[in-house]
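Report on the structure
Residue strings, one per chain:
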Amino acid sequence: MTKETPTTVSFGVDATLGFEAGQFVLLRPNAALPWRAYSFSRAPGQPLRLTVRRVENGKVSTHLTTQLMTGDRLEVKGPYGQFVLPAIVTRGLFIAGGSGITPFLSWLHTLDGRGWPFPITLIVGNRNASEQILKAELDALQAKSGGKLSCVHVTDDREGPLTRELLTRLVASLEAPSFMAMCGPQPMMDNAREVVSARFPGVAVLEEKFSASVDAVGDGPGTTLELVQDGKVKPFDVKPGEHVLAAARRAGYELPSGCEMGACGACRVKLQSGDIQVPADACLSEKELQDGYRLICVGKARGPARFESAP
């Protein structure tokens, strides 16, 4: 166990697990705690390492950063996620906020092993210098890259947060990337997407969600969905804008779930009738969508529907 910052620790995992750089696992210390998603911060083939920042009121992150002891057992599922490097990149722009640096570390260690096949600019935002996660490791990777990796460190107390204005200044002099990736708080990613897309029209963009999706529940009449479970049809009401999984829980129904970000597929269901709308970045293939599969952690009702669990 290594304390990286006042709120962040890294720890090794004694296990064998195949994964692609940038992927995550679902983890919980025990059955009394919920599953949470954490990315590996080393490359495949290196000793497994997870880096976790404590989240305010976060039960799992608090346990992992303050109570985890050498020899403790953890429940792990995965790997999951589509935050992986494309096969062809000629120039990369990576933007990370806080613990959003972890999947990028996995990428950078992988690219170091490949001899740095393309140039990269990495912009990293943190609250202050004491909260810069694994900065010494990033500095070492930059030094090894022979000029291929350029790290730009920004802190809220010095330059300010990664606003549209600051990001505009930071990317103004950059050469056009063929690929941009970002991971961090949603406001930062919204800013980065807008700025980079305006500065470099047509650039390929990959996003990794930093936190669970939040329901934007509205007023007014909802709709009724039907869950087919254990041979029974179980109806429940869904409020306007409410995610189906949240509504099912509110009705007292237990359904499989995992990351609750639409990234792992643990909450997958199959429609029998009607439809449930899911975001375009949910981890479902076109064929799965055509075959009636949906993810209810981020899915919203489009009128009455009937479905069954299909993990």
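Predicted model, so just to flag it, every value in this text is computed and none were measured.

Here the focus is the packing of aromatic side chains. In this structure the tally under the stated criterion is 11 aromatic pairs. A centroid spacing of 5.3 Å and a plane angle of 90 degrees characterise the contact between Phe 104 and Trp 107, whose relative ring orientation is edge-to-face. You can see Phe 104 and its partner Trp 107 sitting in helix α2 (residues 101–113), three residues apart, about one turn around the helix. Take Phe 104 and Trp 107: they sit in the same class, and that class is buried. Among the aromatic residues, those joined into a ring-pair cluster are Phe 83, Phe 94, Phe 104, Trp 107 and Phe 179. Stacked on the ring of Trp 35, the Lys or Arg Lys 77 has its end atom at 4.4 Å from the ring centre. The side chain of Arg 268 reaches across the aromatic face of Tyr 293, ending 4.1 Å from its centre.

Within the secondary structure layout, Thr 102 lies in helix α2. Given a relative accessible area of 5%, Thr 102 falls into the buried group. With residues near it in sequence (within four places) discarded, Thr 102 still touches Ser 39, Phe 40, Ser 41 and Thr 51.

Here we take up the nonpolar core. Membership of the largest hydrophobic core comes to 27 residues, with the highest contact counts inside it found for Phe 94, Ile 101, Phe 104, Trp 107, Leu 108 and Leu 122. Elements supplying a minimum of two residues to this core: β7 (92–97), α2, β8 (120–126), α3 (135–144), β9 (149–155) and β10 (179–184).

Another point: the pairing of strand β12 (residues 223–229). Among the seven residues that make up β12, five are buried, leaving the element largely enclosed by the rest of the structure. Pairing of β12 with strand β13 (residues 232–238) involves seven bridges; the strand directions are antiparallel. Paired with Leu 227 across the two strands is Lys 234, which belongs to β13. The turn linking β12 back onto β13 is made up of two residues, and Asp 230 within it adopts a positive phi angle of 55 degrees.

Locating Thr 7 in the fold gives a position in the loop between β1 (2–5) and β2 (8–12). Side-chain polar atoms of Thr 7 contact the side chain of Glu 131, separated by 2.8 Å. Aside from chain neighbours lying at most four places away, what touches Thr 7 is Val 52, Arg 53, Arg 54, Thr 65 and Glu 131.

We now examine the packing of helix α4 (residues 164–171) against helix α5 (residues 186–199). The packing of two helices is summarised by the inter-axis angle and the distance between the axes. Two elements in contact, α4 and α5, have axes separated by 9 Å at closest approach and are oriented at 40 degrees. With respect to their mutual orientation, α4 and α5 come out oblique. Note on packing geometry: the crossing formed by α4 with α5 is right-handed. Across from Arg 164, Leu 167, Thr 168 and Val 171 in α4, the residues of α5 making contact are Met 188, Asn 191, Ala 192, Glu 194, Val 195 and Arg 199.

Take unusual backbone geometry next. The residue after Gly 78, namely Pro 79, is reached through a cis peptide bond having omega 10 degrees. Positive phi is not limited to glycine here, since Trp 116 has a value of about 55 degrees. In this structure, Trp 116 sits in the loop between α2 and β8. Taking relative accessible area as the criterion, Trp 116 reaches 4% and is therefore assigned buried.

Taking strand neighbours across the sheet as the criterion, the three strands line up as β1-β2-β5 in an open arrangement whose pairing is antiparallel. The outermost strands of the open sheet, each flanked by one partner alone, are β1 and β5 (49–53). Going from strand to strand, the sheet's axes swing by 25 degrees on average, the running direction of each strand aside. Relative to β5, β2 is paired through five bridges, and the arrangement is antiparallel. Following the sheet pairing, Thr 8 is matched in β5 by Arg 53. Contacts from helix α1 (residues 59–66) reach β2 and β5, with the element oriented near 115 degrees to β5.

Under the definition given, this model contains 16 salt bridges. A salt bridge links Arg 49 to Glu 137, with the shortest nitrogen-to-oxygen separation between them at 2.7 Å. Of this pair, Arg 49 sits in strand β5 while Glu 137 sits in helix α3, and the two are 88 residues apart along the sequence. Two residues, Asp 275 and Arg 302, come together in a salt bridge whose shortest N-O distance is 3.5 Å. Separated by 27 residues along the polypeptide, Asp 275 in the loop between β14 (268–273) and β15 (276–277) and Arg 302 in the loop between β17 (300–301) and β18 (305–309) bring together distant segments of the chain. Overall, the relative accessible area of 53% leaves Arg 302 in the exposed class. Several salt bridges converge on common partners, so that one network encompasses Asp 190, Arg 193 and Glu 207.

Quick notes on the rules
Residues numbered from 1 in each chain as written. Predicted model: local features only at pLDDT ≥ 70, side-chain atom pairs only at ≥ 80, totals over all residues. Heavy atoms only, no water. Phe/Tyr/Trp six-rings, centres within 6.5 Å; stacked < 30°, edge-to-face > 60°. Helix = DSSP H or I, 4+ residues; strand = E, 2+ residues; numbered from the N terminus. Buried < 20%, exposed > 50% of the residue type's maximum accessible area, 1.4 Å probe, protein only. Lys NZ or Arg CZ within 6 Å of the ring centre and 35° of its normal. Contact = heavy atoms within 4.5 Å. Core = buried A, V, L, I, M, F, W, Y, C linked by side-chain atoms within 4.5 Å. Pairing = 2+ DSSP bridges. Polar contact = N/O pair within 3.5 Å; in protein donor to acceptor, adjacent residues only side chain to side chain. Axes fitted to C-alpha atoms, helices over the stretch in contact; angles between N-to-C directions. Parallel < 35°, antiparallel > 145°, perpendicular 65-115°, else oblique. Left-handed = near helix turned anticlockwise from the far one by under 90°. Salt bridge = Lys/Arg side-chain N within 4 Å of Asp/Glu carboxyl O.

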